[in-house]
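Each chain is listed here by its residues.
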Amino acid sequence: MLPINVSMARVKFLLAEVRAVSVPLRHSSGRPWFAKCHTCSYKFPCFHGRFFYSTEGRRGREVSLTFLPGECTGLAEVVMSQIHARNSLGNVFVDQMYEVVQKLKHDNSVRAVLFKSEVKGIFCAGADLKERAQMSNTEVGHFVSRLRTLMSNIAALPMPTIAAVDGYALGGGLELALACDIRIAANSAKMGLIETTRGLLPGAGGSQRLPRVVGLGMAKELIFTGRRIDGEQAFSIGLVNHVVPQNDMGDAAYRKALDLAKEILPQAPIAVRMAKESMNQGMQVIPTKDRLEGMAAFIEKRLPRFTGE
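Residues numbered from 1 in each chain as written. Predicted model: local features only at pLDDT ≥ 70, side-chain atom pairs only at ≥ 80, totals over all residues. Heavy atoms only, no water.

(A) Focus on the overall build of the protein chain. The helix and strand tally for the protein chain stands at 11 helices and 12 strands. When burial is assessed residue by residue, the protein chain has 46% of its 309 residues classed as buried. Long-range contacts, defined here as pairs at least 24 residues apart, represent 61% of the contacts in the protein chain between residues at least 6 apart. Carbon and sulfur atoms provide 57% of the accessible area of the protein chain, an area that totals close to 16000 Å². (Helix = DSSP H or I, 4+ residues; strand = E, 2+ residues; numbered from the N terminus. Buried < 20%, exposed > 50% of the residue type's maximum accessible area, 1.4 Å probe, protein only. Contact = heavy atoms within 4.5 Å. Areas by Shrake-Rupley, 256 points an atom, 1.4 Å probe, with all protein chains shown as cover.)

Here it is as structure tokens:
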């Protein structure tokens, strides 16, 4: 039943959306779309009317992949929604993250990737210590190796990646954020490589990536002490690119990350990918059709029309 204060125009809009989502939409990869509201994530039209389309239903998944339409076309979101264990890095979570990252690696339609959490107050709580306690030493070694490979695969994604840290990012959770190119944090977020407080070591690349971001001396201080820092402190040492005041919805970092992603999307996709590779690997940029179009647009004083070639 519709609320009595909903206008007839709104009713017509909702009915149109119902008809729209009944059509078997498909992504360019051939995977089916699922319509969801951008605000509340309902599968069918609600009163927000802000829809995105996902290639995966989220029921039963700890990590899912979403592709946004409209002005956000080309933006993919990796959504972490493991509520019961606070997005901790267990076997199922890691397996599903592997699957998602593998899909992104080969999708040339994606221009930027945003990592976010649907668990309020949590980005990723790090290792699932309860699960790990049930593993043998051999199994632990194998799992940590897989986790390290996963973070390397995220870091090696060809398009820009942004971590929206709206809550706790501890241990492997911070290592996940460090594997991204850009980090946005809410001022209330808590971050730290806390492994030494548990008799462990950062095993998924944190001890290598953190010094590159904040410098060797500061990285040693943070790892030796296992200190947790908030978003403001993280910004002051260069751990995050931006810090924003948290809002009532608990998604301030996500909203800022979304705005930043929208700045990236219009840029020449091959040039952006090659710029990332050049900065990461020291490779030189080679000419593309987009490069020629950019030069021509500058000379002709018009907006460039990039085709991704």
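(B) Looking closely at the pairing of strand S3 (residues 63–67). For S3, the buried fraction is high: 5 of the 5 residues fall into the buried class. Burial along S3 is two-sided: Val63, Leu65 and Phe67 facing one way and Ser64 and Thr66 facing the other are all buried. Relative to strand S4 (residues 75–80), S3 runs antiparallel, the two being bridged by 5 bridges. Note on S4: the bridge partner recorded for Thr66 is Glu77. (Pairing = 2+ DSSP bridges.)

(C) View of the packing of helix H6 (residues 206–214) against helix H7 (residues 216–225). It is at 7 Å that the axes of H6 and H7 come closest, and there the two elements cross at 130°. In terms of their interaxial angle, H6 and H7 are classed as oblique. Here H6 and H7 pass one another in a crossing that is right-handed. Residues Ser207, Leu210, Pro211 and Val214 of H6 form the contact with H7, whose own contacting residues are Leu216, Met218, Ala219, Leu222 and Ile223. (Axes fitted to C-alpha atoms, helices over the stretch in contact; angles between N-to-C directions. Parallel < 35°, antiparallel > 145°, perpendicular 65-115°, else oblique. Left-handed = near helix turned anticlockwise from the far one by under 90°.)

(D) Quick look at the confidence of the model for the protein chain. Taken as a whole, the protein chain shows an average pLDDT of 81; of its residues, 79% reach a score of 70 or greater. Considering only residues more than four positions removed or in separate chains, one finds that residues 1–6, a stretch of pLDDT under 50, has 6 contacts. Residue range residues 9–57 is modelled with pLDDT below 50. Its contacts to residues more than four positions away, or to other chains, number 106 contacts. (pLDDT = per-residue confidence, 0-100.)

(E) Seen up close, the sheet that holds strand S11 (residues 229–230). Spatial strand order, S6-S8-S10-S11: 4 strands in an open sheet with mixed pairing. At either end of the open sheet lies a strand with only one pairing partner, and these are strand S6 (122–124) and S11. With 3 bridges joining them, strand S8 (residues 168–170) and strand S10 (residues 190–192) adopt parallel strand pairing. In the sheet register, Tyr168 faces S10, and the bridge partner there is Lys190.

(F) Layout of empty space enclosed by the protein. Here the structure, examined in full by the defined rule, presents 1 cavity of 30 Å³ or more. Its volume calculated, the largest cavity comes out at about 50 Å³. For the largest cavity, the full set of lining residues is Leu174, Met191, Gly192, Leu193, Leu210, Leu222, Arg227, Ile229 and Leu239. When its residues are assigned to classes, the lining of the largest cavity shows 7 nonpolar, 1 polar and 1 charged. (1 Å grid on protein atoms, 1.4 Å probe; cavity = no way out; pocket = protein on both sides within 12 Å on 5 of 7 lines; lining within 4 Å. Points joined across faces, edges and corners; volume = space filled by probe spheres on them. Nonpolar A, V, L, I, M, F, W, Y, C, P; charged D, E, K, R; others polar.)

(G) Examining the layout of surface pockets more closely. Roughly 550 Å³ of volume is contained in the largest pocket. Surrounding the largest pocket, 26 residues form its lining, Ala125, Gly126, Ala127, Asp128 and Leu129 being those nearest its centre. For the lining of the largest pocket, the elements supplying multiple residues, two or more each, are helix H3 (129–132), helix H4 (137–155) and helix H5 (172–178). When residues of the lining of the largest pocket are assigned to their parent elements, the largest contribution, 3 residues, is made by H3.

(H) Structural detail: the pattern of salt bridges. On inspection of all chains with the given rule, the structure shows 8 salt bridges. Across the pair Glu221 and Arg227 runs a salt bridge, and its minimum N-O distance is 2.7 Å. Note on Arg227: relative accessible area 35%, which makes it partly exposed. One continuous salt-bridge network, built from bridges that share partners, spans Arg61, Glu99 and Lys103. (Salt bridge = Lys/Arg side-chain N within 4 Å of Asp/Glu carboxyl O.)

(I) Structural view of the packing of aromatic side chains. Per the counting criterion, the structure on display carries 0 aromatic pairs. Cation over ring: Lys116 sits above Tyr254, and NZ or CZ is 4.2 Å from the ring centre. (Phe/Tyr/Trp six-rings, centres within 6.5 Å; stacked < 30°, edge-to-face > 60°. Lys NZ or Arg CZ within 6 Å of the ring centre and 35° of its normal.)

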